[in-house]
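Examining the three-dimensional arrangement
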Amino acid sequence: MAQKGAQLDRETISCSICLDLLKDPVTIPCGHSYCMNCIHNFWDGEGEKRIYSCPQCRQTFTPRPVLVKSTMLAALVEELKKNGLQAAPDDHCYAGPEDVACDFCTGRKLKALKSCLVCLVSYCEKHLQPHYDVAPLKKHKLVEPSKKLQENICSRHDEVMKMFCRTDQQCICYLCPVDEHKGHDTVSAAAERTERQRELEVSRQNIQQRIQDREKDVKELQQEVEAINGSADKAVEDSEVIFTELIRLMEKRRSDVKQQVRSQQETEVSRVKDLQEKLEQEITELKKKDAELKKFSHTEDHNQFLQNYTSLSRLSESTDSSSINIRPLRYFEDVTAAVSELRDKLQDVLRDQWTNISLTVTEVDVLLSSSQPEPKTRAGFLKYSRELTLDPNTAYTQLLLSEGNRKVTLMSQQQSYSSHPDRFTSCYQVLSKECLTGRCYWEVEWRGGRVIVAVAYKNISRSGDSNECGFGHNDKSWALDCNQNSYTFWFNNVQTPVSGPQSSRVGVYLDHSAGILSFYSVSKTMTLLHRVQTKFTQPLYAGLWFYCSYGVTAELCKLK
């Protein structure tokens with residue numbers, strides 16, 4: 001009986017609900033058998049209908065059948081297990097929607113372990129075994145399970161595609177060269193694979209070399225980051241020490257001034273009070289003398305009066321009041337003026353030196369600083385746009401600033417500017433208030449005449465002939481002369497004709513650290529007029545220069 005049982009089909013003693021060997025088997029009235037828990041759970045789901053059915057034949061029962069464990073089936077299952085019939089594989093061995101299923105399995109299919117490129121069939125572990133045991137099958141090409149095996153069949157001839165057409169760059173079967181691919185350059189798929197494999201290896205070598213190069217670059221960048229961070233930390237630390245020393249020096253000087261003022265105050269007050277006491281003492285003595293003289297003046301005896309007159313009328317030496325010089329009420333105001341003058345000078349020094357410090361910071365030599373290309377579109381330039389304003393302290397006295405110091409107009413009459421050492425006195429020029437470092441972009445809109453759009457160092461001369469202070473006529477400024485019909489570039493008094501479309505708007509792009517200065521004609525499109533490649537040694541300032549044409553205007557545009 002055991003031998004016959006071992007030959008039974010697994011499905012005969014398996015539960016059709018859980019697909020496993022029966023556990024606590026029960027047989028329902030229609031004759032089908034299930035695990036007790038499986039059929040109970042199934043009927044629990046049908047409880048609301050009060051009609052119970054068989055999951056296989058769909059026969060219905062009312063009322064719900066009373067189930068009793070089938071001891072015979074249970075004994076049979078146990079006996080079969082002892083004779084080698086194992087339980088069903090775990091659920092993870094069955095093929096899911098995303099898995100490749102075994103083509104030989106019936107019923108619920110197991111996952112395929114390999115696919116055969118000769119048989120064009122996928123096999124689970126059990127059905128794959130002949131390919132390991134049978135000599136002819138051992139020669140077959142086994143690969144990882146694939147759902148695309150049918151793509152290896154020629155749709156035209158229904159044959160396995162074992163050849164490759166180099167002319168059409170596609171896989172073909174051995175019949176294709178007879179008709180559709182007749183006369184084409186064809187080789188075996190294996191030969192083409194070998195060739196492509198060599199190319200693939202070369203590509204991989206190139207990729208691996210690039211990976212090594214990029215890993216080296218990443219390492220260098222990491223070292224650069226560490227160097228930047230270390231240098232920045234040290235610069236901040238050293239700057240803190242220096243500024244702390246400056247603050248302490250200022251605190252000491254403040255204390256010294258306070259101490260000197262208080263000491264001088266005490267000396268002067270003491271001297272005045274000493275003199276005041278002497279004067280008060282003299283007043284007391286004079287009042288006493290006056291009382292004596294008053295009493296003496298009433299003496300009736302003429303002889304007595306005359307005999308004592310000489311001794312009584314003699315006065316003690318008076319304090320010389322002429323030595324008391326009461327000055328106008330200024331006292332220590334000169335000290336305040338001197339301290340204010342020191343403050344103004346320090347502010348000027350700090351402003352000038354701060355510009356150099358700021359430039360030094362922005363010119364830190366970073367590995368990637370030269371790798372940023374100049375923008376190609378106006379949108380790209382606008383990423384670096386700067387809102388600039390004009391500095392009234394630099395404007396020639398006939399230049400009228402308006403629109404928040406962004407617009408300038410050449411007037412025939414003088415404007416009410418105060419005297420300032422930064423003011424241009426020989427040329428109709430003005431500089432921006434903001435210094436320019438790093439990458440900057442701005443645009444100038446001009447109307448009515450000839451305007452020169454420029455950049456210049458702050459130490460450009462403010463007076464003298466045009467070669468000293470005129471934009472583009474010295475080595476401290478670079479200028480684009482914008483006329484109604486032409487452009488000219490000037491530097492160090494050398495002019496360069498510039499061709500390009502005429503426009504009333506000029507765009508200026510500056511990459512200070514890279515030493516690039518570019519001028520563009522801006523309309524619906526941007527056209528490069530002139531580019532300078534040099535080395536800037538100081539911060540730059542935007543500049544405008546007008547020729548003697550009253551009413552001409554230029555404006556630093558607001559860029560959106």
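So, here's what we can say about the structure.

Here is what the cut-offs are and how they apply
Residues numbered from 1 in each chain as written. Predicted model: local features only at pLDDT ≥ 70, side-chain atom pairs only at ≥ 80, totals over all residues. Heavy atoms only, no water. Patch = residues over 30% accessible without salt bridge, like charges linked within 9 Å, V, L, I, M, F, W, Y side chains within 5 Å. Areas by Shrake-Rupley, 256 points an atom, 1.4 Å probe, with all protein chains shown as cover. Salt bridge = Lys/Arg side-chain N within 4 Å of Asp/Glu carboxyl O. Helix = DSSP H or I, 4+ residues; strand = E, 2+ residues; numbered from the N terminus. Axes fitted to C-alpha atoms, helices over the stretch in contact; angles between N-to-C directions. Parallel < 35°, antiparallel > 145°, perpendicular 65-115°, else oblique. Contact = heavy atoms within 4.5 Å. Nonpolar A, V, L, I, M, F, W, Y, C, P; charged D, E, K, R; others polar. Pairing = 2+ DSSP bridges. Buried < 20%, exposed > 50% of the residue type's maximum accessible area, 1.4 Å probe, protein only. Arc of directions from axis to C-beta. Polar contact = N/O pair within 3.5 Å; in protein donor to acceptor, adjacent residues only side chain to side chain. Expected span 1.5 Å × (residues − 1).

1. A look at a nonpolar patch on the surface
Taken together, the side chains of Ile242, Phe243, Leu246, Ile247 and Leu249 make up a nonpolar region of the molecular surface, amounting to roughly 470 Å² of accessible area. Along the chain, Ile247 falls in helix 6 (residues 189-296).

2. Focus on the packing of helix 6 against helix 7 (residues 302-313)
For the pair helix 6 and helix 7, the least separation of the axes is 11 Å and the interaxial angle reads 170°. Compared by their axis directions, helix 6 and helix 7 come out roughly antiparallel. Counting all contacts with helix 6, which are made through Lys289, Leu293 and Phe296, the residues of helix 7 involved are Gln304, Phe305, Asn308, Tyr309, Ser311, Leu312 and Ser313. Of the residues assigned to the contact of helix 6 with helix 7, the class counts are five nonpolar, four polar and one charged.

3. Comments concerning the sheet that holds strand 10 (residues 186-188)
Sheets are built from strands paired through backbone hydrogen bonds, the pairs being either parallel or antiparallel. On the basis of which strands lie adjacent, the open sheet formed by three strands has the order 9-8-10 and antiparallel pairing. If you trace the sheet from one side to the other, it starts and ends with strand 9 (170-172) and strand 10, each paired once. Strand-to-strand twist of the sheet, defined as the mean angle between neighbouring strand axes without regard to direction, takes the value 35°. Across three bridges, the pairing between strand 8 (residues 163-165) and strand 10 is antiparallel. Bridging across to strand 10, Met163 finds its partner in Ser188. On top of the sheet, helix 6 reaches strand 8 and strand 10; it is set at about 90° to strand 10, its chief contact.

4. A word on the pattern of salt bridges
Pairs can form between side chains of opposite charge once their charged atoms are near each other. Across all of its chains, the model carries 25 salt bridges by this definition. Measuring nitrogen to oxygen at the nearest pair gives 3.0 Å for the salt bridge that ties Arg64 to Asp44. Of this pair, Arg64 sits in the loop between strand 4 (60-61) and helix 3 (71-82) while Asp44 sits in helix 2 (residues 36-44), placing them 20 residues apart in sequence. Between Asp481 and Arg450 there is a salt bridge, with the nearest N and O atoms lying 2.4 Å from each other.

5. Regarding helix 2
Taken as a whole, helix 2 has its buried residues at Cys38, Ile39 and Trp43. Taken end-on, helix 2 shows its buried residues confined to a sector of 125°, consistent with a single buried face. What points out from helix 2, more than 90 degrees from its buried face, is the exposed set Asn37 and Asn41. Among the structural elements, strand 1 (25-27), strand 2 (33-35), strand 3 (52-53) and strand 4 are those in contact with the buried residues of helix 2.

6. As for the side chain of His512
Within the secondary structure, His512 sits in the loop between strand 19 (505-511) and strand 20 (516-522). For His512, the side chain forms a polar contact with the main-chain oxygen of Gln538, separated by 2.7 Å.

7. Re the environment of Lys111
Its place among the elements puts Lys111 in the loop between helix 3 and strand 5 (114-116). Between the C-alpha atoms of Lys111 and Cys93, which are 18 residues apart in sequence, the distance is 5.9 Å.

8. A short note on helix 7
Between its first and last C-alpha, helix 7 extends 15 Å over twelve residues, near the 16 Å set by a 1.5 Å rise per residue. If you check the start of helix 7, you find a side-chain oxygen 3.0 Å away from the backbone N of Asn303, and it comes from Asp301.

9. Remarks on the sheet that holds strand 5
Taken together, the three strands give an open sheet; going across it, the order is 6-5-7, and neighbouring strands pair in antiparallel fashion. Of all strands in the sheet, those with a lone pairing partner are strand 6 (121-123) and strand 7 (142-143), marking the two edges. Pairing geometry for strand 5 and strand 6, over three bridges, is antiparallel. Residue pairing in the sheet places Ser115 in a bridge with Ser122 of strand 6. Set on the sheet, helix 4 (residues 125-133) makes contact with strand 5, strand 6 and strand 7; between it and strand 6 the angle comes to about 110°.

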